[in-house]
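If you want the building blocks of each chain, they are given just below.
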Amino acid sequence: MRLPKWGAVGAATIGAAGLLALGAPVAGAANTTDVARPSQSAQMRALPCENWTVQIPEGHASGTWCNNYTTVSGKVTDDKADGRCPYVRSHWSNGGVSDSASIGPKGASRSFTLNAPSGTTSTQISIHYVLC
C-alpha cells in the first residue's frame, strides 16, 4: 500500500483489524513509501492466553487457549452422581478433534492439556459426557 510521503512517525498501524491511522507530517523525518502488515496469524501470536469456560448438567470445565491457540489446557469436573463422566473436546482448524480424558464420580476433577496437530489451531471448545 502506498502512503503519502509523510514522515515515518506520521503513519502507524493499530489494532488487530490492521486499521491505518495517519498523523500529521513530521518535519525532518524519513519518508515512508510502503507499509507492511503482519499476517493474521502473526497478529494472533501477539495475543496473550485467552480464558474459556463450558458447562453442561453433568459437569463443567474451564481453562485457557495459549501459544497462538495451539495449546488448550484446563480442568474438567464431574458435577452430578448420574453415571455420566464429562470430558472436553477441542475442535481443530483442519476439522479434527482431540478429547481430554473423562472424569467421574461426582466431585472428581482432572487437569488436561491438548496440543494442536502441526499447522492447526483450536477453533472451538465443547464439553460432552460418556457413560461410566
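Look up a bit, the structure's there.
Treat the numbers as computed from the prediction; the structure is a model and nothing was measured. (Residues numbered from 1 in each chain as written. Predicted model: local features only at pLDDT ≥ 70, side-chain atom pairs only at ≥ 80, totals over all residues. Heavy atoms only, no water.)

S.K.: What is the right way to look at the sheet that holds strand β7 (residues 97-99) in this model?
M.R.: If you trace the three strands from one edge of the open sheet to the other, you get β7-β6-β9, paired in antiparallel fashion. Looking at which strands have only one partner, the edges of the open sheet turn out to be β7 and β9 (122-131). Averaged over all pairs of adjacent strands, the angle between their axes in this sheet comes to 25°, without regard to strand direction. Where strand β6 (residues 84-92) meets β9, nine bridges bridge the pair, whose relative direction is antiparallel. Opposite Tyr87, over in β9, you have His128 as the bridge partner. (Pairing = 2+ DSSP bridges. Helix = DSSP H or I, 4+ residues; strand = E, 2+ residues; numbered from the N terminus. Axes fitted to C-alpha atoms, helices over the stretch in contact; angles between N-to-C directions.)

S.K.: I tried to follow the state of the cysteines on my own but got confused; where do I start?
M.R.: Here is the idea: a disulfide is a covalent bond, and it sits between the sulfur atoms of two cysteines. For the coordinates displayed, the defined rule picks out two disulfides. Linked covalently through their sulfurs, Cys49 and Cys66 form a disulfide whose S-S length is 1.9 Å. In this structure the cystine formed by Cys49 and Cys66 twists about its S-S bond by roughly 125°; its chirality is therefore right-handed. Here the residue Cys49 occupies a position in the loop between α1 (40-45) and β3 (50-56), and Cys66 occupies one in strand β4 (residues 59-66), the gap between them amounting to 17 residues. The exposure class assigned to Cys49 is partly exposed, which follows from its relative accessible area of 45%. There is a disulfide in this structure between Cys85 and Cys132, and the S-S distance comes to 1.7 Å. Because the sign of the S-S torsion sets the handedness, a value of about 75° for the bond joining Cys85 and Cys132 places this disulfide among the right-handed ones. A residue pair is termed long-range when its members are at least 10 positions apart, and Cys85 in strand β6 and Cys132 in the segment after β9 qualify at 47 residues. (Disulfide = S-S within 2.5 Å. Buried < 20%, exposed > 50% of the residue type's maximum accessible area, 1.4 Å probe, protein only.)

S.K.: I would appreciate a short explanation of the side chain of Asp78 in the present structure.
M.R.: Tracing the backbone through its elements, the reader meets Asp78 in strand β5 (residues 71-78). Of the side chains bearing the opposite charge, Lys106 lies closest to the buried Asp78, which forms no salt bridge; the N-O distance is 8.3 Å. A polar contact of 3.1 Å, which involves the side chain of Asp78, links it to the backbone nitrogen of Lys80. Excluding residues that lie within four positions of it along the chain, Asp78 makes contacts with Glu58, Gly59, Arg84, Cys85, Pro86, Ile103, Gly104, Pro105, Lys106, Gly107 and Ala108. (Lys, Arg positive; Asp, Glu negative; His and termini not counted. Salt bridge = Lys/Arg side-chain N within 4 Å of Asp/Glu carboxyl O. Polar contact = N/O pair within 3.5 Å; in protein donor to acceptor, adjacent residues only side chain to side chain. Contact = heavy atoms within 4.5 Å.)

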